[in-house]
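An overview of the molecular structure
If you want the building blocks of each chain, they are given just below.
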Amino acid sequence: SEQDAVESEDASAEELDSDALDEDEDVSLSLNKRKSSQRNPKKSITSPKKRRRKQSQSEEENSDDDLPEGQTVVGRVVQAPVEGRVPPGQISQNTFDFLKQLAKPECNDREWFRLHEPVYRQAEKEWKDWIEAFTSCLTEIDDQIPELPPKDVIHRIYRDVRFSNDKTPYKQGFSASFSRSGRKGIFAHFIPNGRSLIAAGAWQPGKNELSTIRHHIQHDSSRLRNIISDPEFVKFFGEPSPHPKKERQNVFGHEDELKVAPKGIDKSHEDIDLLKLRSIAVVHNFLDSEVTAQDFKENLSKVVKLLKPLVHCLNDMMTLPVAED
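Cut-offs used in this document
Each chain has its residues counted from 1, following the order in which its sequence is written. The predicted origin of the model limits local features to residues at a pLDDT of at least 70 and limits the giving and counting of side-chain atom pairs to 80 or more, whereas totals for whole chains, interfaces and linings rest on all residues. Hydrogens are left out, water is left out, and the side-chain values use all remaining heavy atoms of the structure. Per the convention used, a helix needs a DSSP run of H or I reaching at least four residues, while a strand needs a run of E reaching at least two, with both numbered from the N terminus. Buried means the residue's accessible area, taken with a 1.4 Å probe over protein chains only, is under 20% of the maximum for its type, while exposed means over 50%, and partly exposed covers the values in between. Whether two residues are in contact is decided by their heavy atoms, any of which lying within 4.5 Å being enough. In these tables, accessible area is a Shrake-Rupley quantity obtained with a 1.4 Å probe, and a residue counts as shielded only by the protein chains included in the view. A cavity here means a set of points on a 1 Å grid, drawn over the protein atoms and nothing else, where a 1.4 Å probe fits but cannot get out; a pocket is an open set with protein on both sides within 12 Å along at least five of seven lines, and a residue lines either one if it has an atom within 4 Å of a point. Grid points are joined across faces, edges and corners, and a volume is the space filled by probe spheres set on the points. Classes in brief: Ala, Val, Leu, Ile, Met, Phe, Trp, Tyr, Cys and Pro nonpolar; Asp, Glu, Lys and Arg charged; the others, Gly included, polar. Two strands are counted as paired when DSSP detects at least two bridges linking them. Structural elements are reduced to axes, namely lines fitted to C-alpha atoms, with helices fitted over the stretch in contact, and the angle between N-to-C directions of any two is expressed from 0 to 180 degrees. For Phe, Tyr and Trp, where Trp contributes only its six-membered ring, two rings pair if their centres lie within 6.5 Å, and the inter-plane angle classes them as stacked under 30 degrees, edge-to-face over 60, or tilted in between. An angle below 35 degrees is treated as roughly parallel, one above 145 as roughly antiparallel, one from 65 to 115 as roughly perpendicular, and anything else as oblique. Crossing chirality is assigned from the near helix's rotation relative to the far helix, an anticlockwise turn below a right angle marking it left-handed and a clockwise turn marking it right-handed.

A few points about the overall build of the protein
Across its full length, the protein carries 11 helices and six strands. The proportion of buried residues among the 325 residues of the protein is 37%. Look at the contacts in the protein between residues 6 or more apart in sequence, and 66% of them connect residues 24 or more apart. As displayed, the protein has an accessible area near 21,000 Å², and 47% of this comes from carbon and sulfur atoms.

Written as structure tokens, this is what we have:
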């Protein structure tokens, strides 16, 4: 079902010149036309296309007539789909369909979003239900992550455009972050067309935190090396070395990676590949069909188990002093 959406606009009154009206003449002309019509009746043939057009115009005029003065119909509110819904804790194709539309430039504006708000609210609820179910799985795997309500871990769909040349008001996907501090750590992002992902690590840590991580790596990199070299870890995140073509692979290949050795570090250091990193994080993507599968939470939990040692290692590097020999 649909309902009318309206917006206010200034009403304008049309002025009539009474001197130009001749009531007697109008009545006479009207009578003559009626007699002529009775003598020579004509059948008007209207094409189906014109009939539909007139009917549509008539419906719009009738809709406008029902509105308060100064308001007009600007669109129809699209209701949330009834078919294709899934139980709480799953992601439906309906959600991806909404996000696909939102990604189109002609749809990513406030007017379109307002007319499709019921669809968005259903997708948002689906996302929150999934987050709540996934949080339970996550806290069972990693007891350092607190079991917070969805509102404390999900990100707003509204973009901050204050300092951006791109004024598109809405993001193109749903996202959330989980960690022992609440928002930084494991990152989940659902975007259509195979771009959904889970990521974990230290993304562009502060100057002091990065310096501490590098100090730990200089002292002993074996713990970090062992984690990123584990065969199961490599299976999901790639080989534990820089890609020959500088592409993203394992913890390597991020855009902020240094091209030369950091200041004060010898370029021939045996761990120079790790020391050049400014972000130490990994990413794994999922197909839409994987995300909408009933067992997605269970499959995602397997990946989280591989991420846990990396997250704990980096947390320790940023917070614990280097062990003295």
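A word on empty space enclosed by the protein
Following the criterion strictly, the structure yields four cavities of 30 Å³ or more and no others. If you add up the space inside the largest cavity, you get close to 40 Å³. Lining the largest cavity are Pro-81, Ser-92, Asn-94, Thr-95, Phe-98, Val-119, Gln-122, Ala-123 and Glu-126. Those elements giving two or more residues to the lining of the largest cavity turn out to be helix H3 (93-102) and helix H5 (117-141). It is H5 that contributes the most residues to the lining of the largest cavity, four residues altogether. Across the lining of the largest cavity, the residue classes tally to four nonpolar, four polar and one charged.

Comments concerning the sheet that holds strand E5 (residues 196-202)
Read across the open sheet, the four strands follow the order E3-E4-E5-E6; overall the sheet is antiparallel. Every other strand in the sheet has two partners, leaving strand E3 (174-178) and strand E6 (280-286) as the edge strands with one partner each. Neighbouring strand axes in the sheet, compared pairwise and without regard to direction, differ in orientation by 15 degrees on average. Pairing of E3 with strand E4 (residues 186-190), which is carried by five bridges, proceeds in the antiparallel orientation. Pairing of Phe-174 across the sheet is with Phe-190, part of E4. Strands E4, E5 and E6 of the sheet are contacted by helix H11 (residues 296-319), whose axis makes an angle of about 20 degrees with E5.

Examining the packing of aromatic side chains
Taken as a whole and assessed by the stated rule, the structure comprises 19 aromatic pairs. Between Phe-134 and Phe-178 the ring centres are 5.6 Å apart and the planes differ by 75 degrees, which places this aromatic pair in the edge-to-face class. Taken together, the residues span a long stretch of sequence, with Phe-134 in helix H5 and Phe-178 in strand E3 at a distance of 44 residues.

Looking at the layout of surface pockets
Within this model, the second largest pocket holds a volume of roughly 270 Å³. Looking at the second largest pocket, it is lined by 13 residues, and the ones nearest its centre are Lys-246, Gly-253, Glu-257, Leu-258 and Lys-259. Tallied by class, residues from the lining of the second largest pocket come to three nonpolar, three polar and seven charged.

Thoughts on the packing of helix H7 (residues 222-229) against H11
Two numbers describe how H7 lies on H11: the axes approach to 10 Å, and their chain directions differ by 160 degrees. It follows from the interaxial angle that H7 and H11 lie roughly antiparallel. Two packed elements cross with a definite hand, and for H7 against H11 that hand is left-handed. The residues of H11 that touch H7, namely those facing Arg-223, Leu-224 and Ile-227, are Pro-309, Leu-310, His-312, Cys-313, Asp-316 and Met-317. Here the residues of the contact of H7 with H11 are counted per class, giving six nonpolar, one polar and two charged.

Section: the pairing of E3
E3 sits mainly inside the fold: five of its five residues count as buried. Neither face of E3 is left uncovered, since the one carrying Phe-174, Ala-176 and Phe-178 and the one carrying Ser-175 and Ser-177 both have all their residues buried.

Observations regarding the packing of helix H6 (residues 207-219) against H11
The description of two helices packed together rests on the angle between their axes and the distance between the axes. Following both chains from N to C, one finds H6 and H11 inclined at 105 degrees, their axes separated by 8 Å at the closest point. Looking at the two axes, H6 sits roughly perpendicular to H11. Here H6 contributes Glu-209, Thr-212, Ile-213, His-216 and Ile-217 to the contact with H11, which in turn contributes Asp-316, Met-317 and Met-318. Here the residues of the contact of H6 with H11 are counted per class, giving four nonpolar, two polar and two charged.

Observations concerning the pairing of E5
Most of E5 sits inside the fold, with six of its seven residues counted as buried. Bridging between E4 and E5 involves three bridges; their strand directions are antiparallel. Across the sheet, the residue bridging to His-189 is Leu-197, located in E5. The turn joining E4 and E5, which pair antiparallel and follow one another in sequence, is formed by five residues; a positive phi near 65 degrees is taken by Asn-193. Bridge count for E5 against E6 is seven bridges, and the pairing is antiparallel. By the bridge assignment, Ser-196 is partnered in E6 with Phe-286.

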